[in-house]
Amino acid sequence: FPQCCAPTLITRDMDDMHAFLREHGRAVCKPLYGMGGRSIFVLDQGDKNANVVFETLTDYGTRYAIVQRYIPDIVTTGDSRVILVDGEPVPYALARIPSAADNRGNLAAGAKGVGRELNERDRWLAAQIGPSLREKGMLFVGLDVIGGQVTEINVTSPTGIRELDRQFGCDIAGLLMDAIAKRLDARALRGAP
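These numbers were taken from a predicted model, which means no experiment stands behind them.

A. The pattern of salt bridges, seen in detail. Considering all chains together, one arrives at eight salt bridges under this definition. The residue R183 makes a salt bridge to D86 at a minimum N-O spacing of 2.6 Å. Remark: D86 occurs in the loop between β5 (79–85) and β6 (88–97) and R183 occurs in helix α6 (residues 172–190); sequence separation between them is 97 residues. The partner of R96 in a salt bridge is D144, and the shortest N-O contact between them spans 3.1 Å.

Structural data, given as structure tokens:
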């Protein structure tokens, strides 16, 4: 979904990582299969730690990592989790605002969770991405959005529903269970196992 995403490079080639950093001036670097804010680094062009960060993240070129253009909106509006249930967005997002002492917008890393209504851009992003996810059978997905750009599509650990339920009186787990039941009913009507 290039029309939705921040400039992103997925690679294990450290020269390519350096070239991306030079092109964008500031970048977020993280493991491809990480979660909870683990091993997320922000680097500026010319940072003398770039080599060791790239070596660490790629295990000297044997594992893939993500390098993404830094989006400064993380500081003010946070990293918003937009939850999709069977391709449809929940009406609220959870903005995860980093602490003043950290770059990471992850609750597990100490970010503050602030619920907000979806904005027009969130709904547009969901409309662009949701149908494809639904077709692939992905019932519960989290889009991470910073500055109107998707930075991650979480299909294994999309958290944030408890915070949204608490702040807005939602029942997102109930929506998910309804979507699962609907899929099971549709399969039964087709005679599928």
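B. Region of the structure containing the sheet that holds strand β3 (residues 41–44). The antiparallel open sheet is built from four strands, whose spatial order is β1-β4-β2-β3. One side of each edge strand has no neighbouring strand; the edge strands of this open sheet are β1 (8–11) and β3. Averaged over all neighbouring strand pairs, the angle between strand axes comes to 25 degrees, with direction disregarded. Of the pairings in the sheet, the one linking strand β2 (residues 26–31) to β3 comprises four bridges and is antiparallel in character.

C. Molecular detail of the packing of helix α1 (residues 14–24) against helix α2 (residues 50–58). Running from amino to carboxyl end, α1 crosses α2 at an angle of 130 degrees, the nearest separation of the two axes being 10 Å. As far as their axial angle goes, α2 and α1 are oblique. Here the hand of the crossing between α1 and α2 comes out right-handed. Contacts between α1 and α2 pair M14, M17, H18 and L21 from the former with A50, N51, F54, E55 and T58 from the latter. Grouping the constituent residues of the contact of α1 with α2 by class yields five nonpolar, three polar and one charged.

D. Broad picture of the packing of aromatic side chains. Enumeration over the complete set of coordinates arrives at one aromatic pair. Where Y92 meets F168, the ring centres are 3.9 Å apart and the plane angle is 10 degrees; that geometry is what we call stacked. With Y92 in strand β6 and F168 in helix α5 (residues 161–168), this residue pair connects regions lying 76 residues apart in the sequence. Using a relative accessible area of 30% as the deciding quantity, one classes F168 as partly exposed. Directly above the aromatic system of Y70 lies the positively charged group of R26, at a separation of 4.3 Å from the ring centroid.

E. Region of the structure containing the environment of G147. Along the chain, the position of G147 falls in the loop between β8 (140–146) and β9 (149–154). For G147, a relative accessible area of 38% gives the class partly exposed. Here the alpha-carbon distance between G147 and S80, two residues 67 residues apart in the chain, equals 9.0 Å. For G147, the residues in contact, after removing those within four places along its chain, are I71 and D73.

F. Seen up close, the pairing of β5. Taking burial as the measure, the seven residues of β5 include seven buried ones, the bulk of the element. The alternating pattern of β5 places D79, R81, I83 and V85 on one face and S80, V82 and L84 on the opposite face, and all of these are buried. As paired strands, β5 and β6 are joined by six bridges and run antiparallel to one another. Among the inter-strand pairings, V82 is bridged to a residue of β6, identified as A93. Counting the residues between successive antiparallel strands, the hairpin from β5 to β6 contains two residues, one of them, D86, with a positive phi of roughly 50 degrees.

Thresholds, definitions, all that
- Residues numbered from 1 in each chain as written.
- Predicted model: local features only at pLDDT ≥ 70, side-chain atom pairs only at ≥ 80, totals over all residues.
- Heavy atoms only, no water.
- Salt bridge = Lys/Arg side-chain N within 4 Å of Asp/Glu carboxyl O.
- Helix = DSSP H or I, 4+ residues; strand = E, 2+ residues; numbered from the N terminus.
- Pairing = 2+ DSSP bridges.
- Axes fitted to C-alpha atoms, helices over the stretch in contact; angles between N-to-C directions.
- Parallel < 35°, antiparallel > 145°, perpendicular 65-115°, else oblique.
- Left-handed = near helix turned anticlockwise from the far one by under 90°.
- Contact = heavy atoms within 4.5 Å.
- Nonpolar A, V, L, I, M, F, W, Y, C, P; charged D, E, K, R; others polar.
- Phe/Tyr/Trp six-rings, centres within 6.5 Å; stacked < 30°, edge-to-face > 60°.
- Buried < 20%, exposed > 50% of the residue type's maximum accessible area, 1.4 Å probe, protein only.
- Lys NZ or Arg CZ within 6 Å of the ring centre and 35° of its normal.

Without other data, these values stay purely geometric and don't point to any function.
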